[in-house]
Each structure stands twice: as C-alpha cells, then as structure tokens.
Amino acid sequence: MPSLTRSQRMAGAHLATAVIAVAFVVATGWPNLRRGRHLDFLSFYTGGLLVRQGRFDQLYAYPAHVEIESKLAPENAVFQPYIRPPFYALLVSPLTLVSLPTAHTCWVALQVAVLLACWAWLARRFGSAALAWASVFLPPAVGLINGQDCIFVLALLILGFILWNRGREFTAGAVWGLAIFKPHILFLLPLLLIAFRKWRAAAGFGAVAGALAGISLALIGFGGLGDYLRLLRSNEATGSVADSRWMMVNIEALAGLLDYSVALRVLLSLAVVALVVAAGRRAPFERWFSAAIAGSLLLAPHVFKYDAAALLLPGIIGALKSPHRSTRIAAGFALSPLPYFFTEVSRWLAALGPMALIGFMCALAWEGLASIGRNPQYSPEETACKTE
C-alpha cells in the first residue's frame, strides 16, 4: 500500500479537526438550540407576523411586540422588540404561515445549509486548512443558538467577494448592499468603496440599499420611520444592550474595563480609524476588504460575538494567504475559539474578543506600512484571491 503524501496527511488532519469540532458544537449546542426560538428569532417572527397581518403602523410599537410575544412565549421574562428594517420583516413574513416551532426549525435548517455551502466554497478556494479553521470558528454556531441571522451576512460577504474577483464589481456591491439589514456589520465597506473610487461597486451597493430603503419607507411611511428611530433609542431596545456591553467584541468591551467615558470611546475609535487607514494604504483588495469588516465590527456600538461571523472570510484570507507572518498569527487567533469561548465568564476574559480584532487590525496596518515603496499585491503563488 503506497504511503500518503504530506499534503494528503495534512488534508486528513484538517478533515479530522472539522469532524471533531462539529461533533463538539453539536453535542454542546444542540440542547440549547431550542432556546433561540424564544430569543432573537422570536422578534423576527413578530415583525414578520405584524407585516403579514397588515399592521404596518404597529411594526415598531413595542406594546404590539409584547402582545404577540407574550402569547408565543409566555415563559419569557423579557420581550425583545423588533428592530430590523421593514423590508426584512416583509422577507420573514412567509415563515409566519407556520407555527413558531416549525418556523424556527426551517430558520435553523436554512442557515445550516448556507453555512455548509460557505464552508464548501472556502475549502475549495483556500484548501482543506480553511475547512479546519471554519469549523473551530465559534460565532456562526453562537448565532444559531441565539436565533440570529449572522450566517446570512457571512454568505452575502462571500458571494460579493466571489463576484468581485470575477470582475463583476457592480453586482458585488449590489450583493453587499443586501446585507443592509445589519448595516453596522459592514458600514465601513461602502465608505472604502467610495474612498478608493470603486465607483461601480459603490453604485451597486447604493442602488440596492436605496431600493430597500424605498421599499421600507413605502411599507411604514414617514410616521413609521419616526417610530423606528424612537424605538432604537428607547430603553426597550438599548436597556439589555447597556447591561451586556462588556460581552461585546467591539471597543465598548475595552472601554468597559476602565470606564465608559466619552473621551475613552473617542480615543479608541480614532485608533481604530487610524488602523483602517494604515491597512488600506495602497492595499490590494483582500487587505482593505478585511480591514473594512474588522474595523466595522470594532467601531459599531452593538456587536456581540455572533456578529463576528462576518470575520470568517477575512480571517481565513489572513491566516492562510497573507505573506506576513504577523498577519497569519493574528488572523489565526481571531479565528480560534479562545476570543469567544470565555466572553460570559468575566470582563477581563471577555476582552479577548475585541483584543483579537484589534490584533488583526494592527497586523493589517503593519502590512500597509510595510508596503510603502513596494508592490502591495499578493503574488499568485501566495493567494487564492485572484480572478477565477
């Protein structure tokens, strides 16, 4: 029997890692999966139900949310308001044709299928090591347990990335624009598209985002828009967030280790902006794309560990294809379970999450500074990000 080559042994090790990681996540997460039905997914279902019932004027009325959620989940002590844009409730509304448990099962099954498709593409594009990294990356699994929708954002980022590398920049921007239902996760991306004069992609993003905004306004009117803005600032929407800021993966968690002063927040925000600027200096697409996602996660005011699912693609690019060792190490740590596993243990351990993102941003910024006077592009041998 011929002996296995080194690449075959490595591929086997990567596959074994993925199998073990998935088995661990299923064993530990399955008992808690049902609780997501009564967490964030319940608010999505409520928004969809209000739209299907034609109660557009109550889409952002918290008493209407309590009315519905108290019937669907009477055991809940706190009821979460629906805070996604109106068009998102319209998209979710078909799920309300079935019961909450059935709708949640469909929700989880769809996201698992989408996640597996993302893993398959990553493995094909970047090799078996990408599958191993993806399997140990916890945020998507945390999102499933909490009834979240972070996997859809990840899929849109990957699809846009594929289209960009095929030279279809307008369509790539349009696909990224679809993720506007969670605008804080990638708000730096359209800004960098404009800053780097990627006009076709920026136009695609703006066209789709504008169309979705128009649909939303048509659904609820200007009066509903005012209700939406008031709800976002209300205690119902911000109270639980304020109590758990230290569990986030943004600069809020770091600020919480000392205090939540405005001066400290401004200082940390300026530092992140400086890192994004340095990382984007004469940068190839892969680097400024990664900096846009990591920077958005750090700067956004409401980013929990499941939102870090958007970091999977930038992390794999950095860990496997960056020509800089510091970036490969920083990206590997950001993909590992450590930054996300202990977020609920203590404030100091929770800081591992934002510190991992800052470390990744620092490595990207160092790449930008090191590229001054050199060719910043990754060579074809070092990257799988070239045009397909």
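Just so it is clear, the model here is predicted, and its values are computed rather than measured.

S.K.: Describe the overall build of the protein chain, naming the residues involved and giving the relevant values.
M.R.: Helix and strand counts for the protein chain come out as 20 helices and zero strands. Radius of gyration (C-alpha) of the protein chain: 21 Å, near the 21 Å computed for a compact globule of 388 residues. Taken along its principal axes, the extent of the C-alpha atoms in the protein chain is 60 × 55 × 45 Å. Across the 388 residues in the protein chain, those meeting the buried criterion constitute 54%. Summarising the internal contacts of the protein chain: among those between residues at least 6 apart in sequence, 76% fall at separations of at least 24. Put simply, the protein chain shows about 17200 Å² of open surface, and 67% of that area lies on carbon and sulfur atoms. Taken as two groups, the 31 positive and 19 negative side-chain charges of the protein chain have centres that lie 9 Å from each other.

S.K.: Residues and numbers for the packing of aromatic side chains, please.
M.R.: This structure, assessed with the given rule, holds 22 aromatic pairs. With a centroid separation of 5.3 Å and an interplanar angle of 75°, the aromatic rings of Phe285 and Trp288 are classed as edge-to-face. Residue Phe285 and its partner Trp288 are both found in helix α15 (residues 285–299); the two are separated by three residues, about one turn of the helix. Exposure class is identical for Phe285 and Trp288. Each is buried.

S.K.: Break down the layout of surface pockets for me, with residues and values.
M.R.: By volume, the second largest pocket amounts to about 570 Å³. Every residue lining the second largest pocket is counted, 24 residues in all, and those nearest its centre are Val25, Val26, Leu33, Val112 and Leu144. Of all the secondary structure elements, the ones that give two or more residues to the lining of the second largest pocket are α1 (6–33), α5 (100–126), α6 (128–136) and α7 (139–145). Per-element accounting of the lining of the second largest pocket gives the leading share, eight residues, to α1. A class-by-class count of the residues in the lining of the second largest pocket yields 18 nonpolar, four polar and two charged.

S.K.: A description of the nonpolar core should follow, citing residues and the corresponding values.
M.R.: Among the nonpolar cores identified, the biggest contains 117 residues, and Leu122 and Trp176 are the most heavily contacted of them. Of all the elements, helix α8 (residues 150–165) adds the most residues to this core, at 13 residues. Filtering out sequence-adjacent residues up to four positions away, Leu122 remains in contact with Gly127, Ala130, Ala134, Ile158, Leu312, Leu313 and Ile316.

S.K.: Would you mind going over unusual backbone geometry in detail, with residue names and values included?
M.R.: Although it is not a glycine, Arg197 sits at a positive phi angle of roughly 60°. Its place among the elements puts Arg197 in the loop between α10 (188–195) and α11 (199–233). Accessibility expressed as a relative area gives 64% for Arg197, which makes it exposed.

Here is what the cut-offs are and how they apply
- Residues numbered from 1 in each chain as written.
- Predicted model: local features only at pLDDT ≥ 70, side-chain atom pairs only at ≥ 80, totals over all residues.
- Heavy atoms only, no water.
- Helix = DSSP H or I, 4+ residues; strand = E, 2+ residues; numbered from the N terminus.
- Rg over C-alpha atoms; globule rule 2.2 N^0.38 Å.
- Buried < 20%, exposed > 50% of the residue type's maximum accessible area, 1.4 Å probe, protein only.
- Contact = heavy atoms within 4.5 Å.
- Areas by Shrake-Rupley, 256 points an atom, 1.4 Å probe, with all protein chains shown as cover.
- Lys, Arg positive; Asp, Glu negative; His and termini not counted.
- Charge placed at Lys NZ, Arg CZ, Asp CG, Glu CD.
- Phe/Tyr/Trp six-rings, centres within 6.5 Å; stacked < 30°, edge-to-face > 60°.
- 1 Å grid on protein atoms, 1.4 Å probe; cavity = no way out; pocket = protein on both sides within 12 Å on 5 of 7 lines; lining within 4 Å.
- Points joined across faces, edges and corners; volume = space filled by probe spheres on them.
- Nonpolar A, V, L, I, M, F, W, Y, C, P; charged D, E, K, R; others polar.
- Core = buried A, V, L, I, M, F, W, Y, C linked by side-chain atoms within 4.5 Å.

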